[in-house]
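These are the residues of each chain, in order.
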Amino acid sequence: MRIFKTIPLFIIMAVLSGCGDTTTEVVPVKIPDSSATVIRVPRDASTIQAALDIADNLDTVLVADGTYQGDGNRDIDFQSKSIILRSENGPAFTTIDCAGSANNQHCGLIITGRANDAVVDGFTIKNGYINSGGGLRIQSSSITVRNCVIAYNVATTSGGGVWCKGSDPAFINCTFVGNSSMAGGAIFVLGTSSPTLTNCIVAFSEEGGGIYSNESSSQPTAVCCNVFANLDGNYAGSTADQSGINGNIDLDPQFCDQESGDFGLQASSPCLPANNGCGILMGALQSGCR
């Protein structure tokens, strides 16, 4: 199904005159693939799943501010499609609340089957409760997840925040906090997976360690990340300890108010660019408390 078409590719010709010379400069303008579509939630589709159902590869599903709950807004399946799922204004304004429990199990996102160009950008994903992959379940899909908060998800066996098998996903400027599982409170990897975490916070996992690999052939890599106070170890299982290398630190991130779910950063936080050796923001949210 097609809803909105992008502008066709064109070339701008700019003619510049001065000092008696006339110069013609050809300026290419990069326009997205004309076959791509933007599907807006809830304007064009009532739920996130309904939007993904009608989307094709490389379409964008753009989600308005709000808290999304219930059927169609949890257990969200990308159906092996490389879709760009993006919020309009970031994780402080857009939440996928799985509302899972032991008697009513649900997760956030399911991304499988080589959806390698899929992107998830700008969501808080919380309160998943399932056997594995409470926040995201990723299999055979080397996707990009950026600017996301993955918080207070539970898996009864593995991967409270993220379960990852046979995949090389990239997590960029993400905050993992308060997730829990028997193995891999925040992230669990297996099946020759090599996820990368860049500019992320992995903190306060309540069980199972922070970043957990169950085999030496699956090695996560952290760069300029703050991995702190994860019960059962920051780097657990077969994951190599990366504290103090590649710009990684192990310090209290100083969230504004973790108990109330405000994961913005206090002015003295080591995750702010002025306060760490990488000179970058770690995590999904800037300084400033609600």
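As shown above, the structure is provided for reference.
All values reported here derive from a predicted model rather than from experimental measurement.

A. Quick peek at the sheet that holds strand S14 (residues 144–146). Spatial ordering of the open sheet is given by S3-S4-S7-S10-S14-S18-S22-S25, a layout of eight strands whose pairing is parallel. Of all strands in the sheet, those with a lone pairing partner are strand S3 (38–41) and strand S25 (221–223), marking the two edges. For this sheet, the mean angle separating the axes of adjacent strands, direction not counted, is 15°. As judged from the four bridges shared by strand S4 (residues 60–63) and strand S7 (residues 84–87), these two strands associate in the parallel manner. Bridge pairing in S7 links threonine 60 to isoleucine 84.

B. Molecular detail of the pattern of salt bridges. Under the definition given, this model contains six salt bridges. Of the charged contacts in the structure, one is a salt bridge between arginine 86 and aspartate 121, with a shortest N-O distance of 3.5 Å. Of this pair, arginine 86 sits in strand S7 while aspartate 121 sits in strand S10 (residues 119–121), placing them 35 residues apart in sequence. Residue class for arginine 86 comes out partly exposed when judged on its relative accessible area of 26%. We note a salt bridge from aspartate 121 to arginine 146, for which the minimum N-O separation is 3.0 Å. In this pair, aspartate 121 sits in strand S10 while arginine 146 sits in strand S14, placing the two residues 25 residues apart along the sequence. Look at the salt bridges and you will find they share partners, linking Arg86, Asp121 and Arg146 into a network.

Conventions and cut-offs
Residues numbered from 1 in each chain as written. Predicted model: local features only at pLDDT ≥ 70, side-chain atom pairs only at ≥ 80, totals over all residues. Heavy atoms only, no water. Pairing = 2+ DSSP bridges. Helix = DSSP H or I, 4+ residues; strand = E, 2+ residues; numbered from the N terminus. Axes fitted to C-alpha atoms, helices over the stretch in contact; angles between N-to-C directions. Salt bridge = Lys/Arg side-chain N within 4 Å of Asp/Glu carboxyl O. Buried < 20%, exposed > 50% of the residue type's maximum accessible area, 1.4 Å probe, protein only.

All we've got here are geometric facts, nothing functional implied.
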